[in-house]
Every structure is written in structure tokens, then in C-alpha cells.
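# Architecture and fold: a report
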Amino acid sequence: MAESTTERRARLEGLCESIPKAGSKNDLLELIDQALGVAAPEGDPATLKSLGKRYRTQVDEAGDLYDRVGRVARKGLPEVWAGDTSVLASDAVSAASRAASQLAEAFQGGARALTALADAVRVAQQQDGDGRAKLRDARTSLGGRDGTFDNWHEDDGEESARLRARTVAADGVELRRTAAVSADDAARAAARDLNKWAAEARTGKMDTDNLTAVDRLMLADTSNVGGDPDLNEILSANDLERAGRAMEKLSPAESARMETLLANASTPQEKAYLMKALAAGYSVDEVSEFGGKIHGKDPAWLSEYLSPVTTNSETGQEDQKFGDRSWSQDGLTCVPSSTVTARAMVDPVYALGLTGGPSGQENDPAAFRERLTDEQLRLHEEGDGSNDGWFWEEGKPTGMDDEGQVDISNKELSPHTGDSYESRDMDNANDRRDVLTDINKSVAEGKPVPINIEGETDGEWVGHGVMIVGQEGGMLQIYNPWGTTTWVSEEDFINGDLSAASDDRFDNVNRVYIDQD
């Protein structure tokens, strides 16, 4: 299997350390051969540049569409309804305007990402070529390998020649390392941005003929109130895809029932949550029961009861609460607690059971807190978490191992996201750098990613479980089961330092749980 860009980078970083220390001609020749054996940065800058130009030509067409929709909106529309689910025409036009704007932004962002990658690959390949030339020059100047007896003694002239060659080789491998780092960083940035823009192109995600284009457009456009609309969309890209597939599998009678439920919804937000329940894997009967509990509720109520995380900013830290009680852990239950909140983010039926109780109507934050604690303890037992005290005693939770975390992630999250989770150890910065593209893709699609962080306090190891729940640009949004979400930089994640989202004890990201398909 071909090396990844991160693996090439790591090999060259190691050779940058070993070549300047080579103590013999044969050792230096061996290391130079290793350096020349690392593959060059891949990619065709001309092809990437051409793709970027093609994306850019679409920006103007999307802009023209935006202008045409805007002209329709400015003319004024009567309060007529469109689509199978009774969408107000003026709302549909507004949604179409926003979709056209998002489409233009997606093409513009894609063009920028591809153009930047093309430029970075071109420069990296030139730099890599210069480094290869230096390494070949160093190898040529050294000549053939010394025999066994030749290697016993090195005269002053031979030593001087070896040291000159070593200096040239060190310069060459450093050029190759710099090129590999640039290519790796550019490839990850392009993958992150393209995945994000693909996820943002939301209208086409719901692939079903059982709803009109207007209905699909409105569902993709609807956000919770109380935060930035772009950061609080009710249906994630993954929800839209799963909802479309679920609609296609319904019988004609079930499809008609679902359309009636949507048509009778009192707000776009209520309609979106009905579809989110379907996307989460519930039957039409279960969606109907859920719909009866939320019918007629205003958007602010729906946001508070059905969305455990509301995002107001792309920076800083925010408390996440229901009423005056936090979405936080009780005792040493960080892993089950973060999993409970993550499931509530992707499963509105589950979220309502926690916030509103069996009836879905309770307005009692203290009762919510009791239910949340009970659910955290249920998952602790489900994942065979450890407790203090003797085995016959009912001790307090003291943590959960990685096998337990994989188990509860697959039992509690997989049915509602479609992913299957496996543990991936993060032994160093390159491991974290390598997994970052997968993390960005998952969270851009609306699928939370569990991670573990660790550190020391008073010489004792401490560990903690948190969840990556958002991604914007070069920032990751971390849900900490202490009841907060915090934005941290990708560089902080690569360096293992998530102390900004926790505290100074935790200076290493040691494990990520992510779909391996």
C-alpha cells in the first residue's frame, strides 16, 4: 500500500535527524539511499488548477441564480403553499435564495481549495526535486561503499569528503522534508475544505422522489433559533442522506402518513425534527408518536428540548444547559456522559425523553438532571465501566476502558449515524495529523467523534473522554461532559493539547474512536 503524505513526512523527519549524525561513509550512503527512496509529493498541479478554474466558472452561474431568485423575492409573493408538505411560497423563495448563495460559496471555496493545493504541490515538487539533486550529488561524491577493511580507517581526506557530502545530504533531506510538510499540510487543508463544502451543499443530500424539490430545499435550510443559523442547522448532511434513504424504503401508505405529518407541522423547525427522527432510524409509527409530543411547540421550545448543543460563535467556550441544569457528567462518568449527549445531538426522540420525560411535556430541569444521571449510569454499566469498592458493593463509577467505549459507541450512536466505531491509538503528532481528515469529514457530516485525552496530576495518570462535535475552517468544536463546548485549533489537536477545552492537566490526545470503513 502506498505511503500516506503523513508517513512520508515522518520518514523524512527521522532522516533529517539521522543523516547529520552519520559516523561512517557506509552509514551515510545507506541513509542517503533511504532518503532517495521516499516518494515525491504526488499530484498534477495543472490538473488541479484546471479543476479550480472549472469550479470558479460555476460561481458566476450560481451568482446569476441568486440574482434571479432575489428578483422573484423582491416582487412580493402571495401567501400560497407549495410542495407536498405545505411550504409557504415566500419561505421557499427565501430558502432558494440562501441555497443559491451557499452554492456560490461552495464553488468559490472549492475553487480556492483546489487552486491553493495546485500551487502548494507545484512548489513542493520543485523543492523536492532540488532536495533530490543534492542527495544524488552527495551520493556521487562519496563513490562506492567501503569494504570491510576499508571501513576500519578513514584518513583526513576521506573524512573531509564524507563531512562535505554529509552537509550536502543534510541540506537535501531538509529540502525534501520541507516539501513533504508543505504537501501534507496542503493536502489536509484541501481535503478538510472540500469535505466541508460538500457537506454544506445540503439541498441535494436528500435523495428521494417522495418529497418535492421545494420540500427538500426547506428541510435542508431550517435551523434552530437562538444561535448562528449556519452553525445550528437541524438536519446535518448525514441526516439528510439517511432521511432520503428512509423515505425511499417506506411503503406508499407509510409515505403518505409521513407527508401528512410534515404538512401538519406548525413550523419549519417542527417539520425538520420529524425528519431528523426518521433519519435517526425510527419507524413512521414512532415518528408519529414523537410528533404528537412536539406538535405546536414554538421554535425556541424545540431548540431547548431537542438540541443539547447550541452554538453562538466560532470561537471561545459556551455552557450547554437545559434550563439552569448543565448537560454535564455526574461523577467519573465522562465517557458515558459524552456519549449520552452525542446521541441526544443525533436522536431527537432520545433527547426529548431526557429533557421532557416520558410525556415530553415536563418543564423541570431538576427532573432532567436526574434522568440524565440515570442514563449516564446505564451506559456506564452497558460499557462494563469500573467502580470503586468490592465487587459485591454498589461502588461509584471510576472510569471506562477503550473496549467499553467502543461498545457503547456502537450500541448508542451507530444505529442513529450509520457509522461503526473502532479505537485508534494516537502515539504521536503524526498519528493525530493523519486521522484529522477523517475527523473533519465525520463532524462536517454531523457525526460526533469520541476522543480520549490524558495527563498527570501530582504524578498520577488522569484520563478524560470528550467529543468532537463541530468543525469550521481550522477549528474543532469540543464537547466536554463538564457541560461546555469549546473551539480549539487543529494545531492544538495535532500537538495533543486540549487544555483550553478542559484544564491544564490534559496535554495529550491519546485515542480517537472513528468509523474505519
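Residues numbered from 1 in each chain as written. Predicted model: local features only at pLDDT ≥ 70, side-chain atom pairs only at ≥ 80, totals over all residues. Heavy atoms only, no water.

From N to C terminus, the protein includes 18 helices and 13 strands. When contacts within the protein are restricted to residue pairs at least 6 apart in sequence, long-range pairs at least 24 apart make up 71% of them. When the accessible area of the protein is evaluated, it comes to approximately 23,300 Å², of which 48% is carbon and sulfur surface. (Helix = DSSP H or I, 4+ residues; strand = E, 2+ residues; numbered from the N terminus. Contact = heavy atoms within 4.5 Å. Areas by Shrake-Rupley, 256 points an atom, 1.4 Å probe, with all protein chains shown as cover.)

Structurally, Arg-132 is set in helix α4 (residues 89–142). Contacts of Arg-132, omitting those with residues within four sequence positions, involve Leu-36, Val-38, Ala-39, Ala-40 and Arg-176.

It is worth spelling out the nonpolar core at this point. Judged by nonpolar contacts, the single largest core of 52 residues is most densely connected at Met-258, Leu-274, Met-275, Phe-290, Ile-294, Leu-306 and Trp-327. Broken down by element, this core gets its largest block of residues, 7 residues, from helix α9 (residues 268–279). Among all residues touching Met-275, those that are not within four sequence positions of it are Met-206, Leu-211, Leu-219, Leu-235, Ala-243, Met-247, Met-258 and Leu-262. Met-426, Ile-468, Val-488 and Phe-493 belong to the second largest nonpolar core, which has 22 residues in total. (Core = buried A, V, L, I, M, F, W, Y, C linked by side-chain atoms within 4.5 Å. Buried < 20%, exposed > 50% of the residue type's maximum accessible area, 1.4 Å probe, protein only.)

Below, the discussion takes up the packing of helix α7 (residues 237–249) against α9. The axes of two packed helices give the description: the angle between them and the distance between them. Between α7 and α9, whose axes approach to 8 Å, the crossing angle comes to 75°. In terms of axis orientation, α7 runs roughly perpendicular to α9. Contact with α7, carried on its side by Asp-239, Arg-242, Ala-243, Ala-246 and Met-247, involves Met-275, Lys-276, Leu-278 and Ala-279 of α9 and no other residues of that element. Across the contact of α7 with α9, the residue classes tally to 6 nonpolar, no polar and 3 charged. (Axes fitted to C-alpha atoms, helices over the stretch in contact; angles between N-to-C directions. Parallel < 35°, antiparallel > 145°, perpendicular 65-115°, else oblique. Nonpolar A, V, L, I, M, F, W, Y, C, P; charged D, E, K, R; others polar.)

Time to look at the pattern of salt bridges. Oppositely charged side chains are able to pair whenever their charged atoms sit close together. The final tally for this structure, using the stated rule, is 30 salt bridges. We note a salt bridge from Glu-13 to Arg-9, for which the minimum N-O separation is 3.6 Å. Of the two residues, Glu-13 and Arg-9 both sit in helix α1 (residues 5–18), 4 residues apart, roughly one turn of that helix. A relative accessible area of 7% means that Arg-9 is categorised as buried. Measuring nitrogen to oxygen at the nearest pair gives 3.3 Å for the salt bridge that ties Lys-411 to Asp-407. Of this pair, Lys-411 and Asp-407 both sit in helix α15 (residues 402–412), 4 residues apart, which is roughly one turn of the helix. Taking the relative accessible area as the measure of exposure, Lys-411 reaches 44% and is therefore partly exposed. (Salt bridge = Lys/Arg side-chain N within 4 Å of Asp/Glu carboxyl O.)

Turning next to helix α2 (residues 25–37). Its 13 residues give α2 an end-to-end C-alpha distance of 18 Å, which sits within 8% of 18 Å, the value for a rise of 1.5 Å per residue. Within the sequence span of α2, burial applies to Lys-25, Asn-26, Leu-28, Leu-29, Leu-31, Ile-32, Ala-35 and Leu-36. (Expected span 1.5 Å × (residues − 1).)

A few words on the sheet that holds strand β11 (residues 475–480). In spatial order, the strands read β3-β12-β11-β10-β9-β13-β8; together these 7 strands make up an open sheet with antiparallel pairing. The sheet is open, and its two borders are formed by β3 (317–319) and β8 (421–425), each paired with just one other strand. Each neighbouring strand pair of the sheet contributes to a mean axis angle of 30°, computed without reference to strand direction. Across the sheet, helix α12 (residues 334–346) touches β9 (449–457), β10 (460–472) and β11, and the angle it forms with β10 is around 10°. Across the sheet, helix α17 (residues 429–444) is in contact with β8, β9, β10, β11 and β13 (506–515); its angle to β13 comes to roughly 55°. (Pairing = 2+ DSSP bridges.)

Here the focus is a negative patch on the surface. Taken together, Glu-456, Asp-458, Glu-460, Asp-497, Asp-504 and Asp-507 make up a surface patch of like negative charges. Mapping Asp-507 onto the fold places it in strand β13. Assessed through its relative accessible area of 48%, Asp-507 is described here as partly exposed. (Patch = residues over 30% accessible without salt bridge, like charges linked within 9 Å, V, L, I, M, F, W, Y side chains within 5 Å. Lys, Arg positive; Asp, Glu negative; His and termini not counted. Charge placed at Lys NZ, Arg CZ, Asp CG, Glu CD.)

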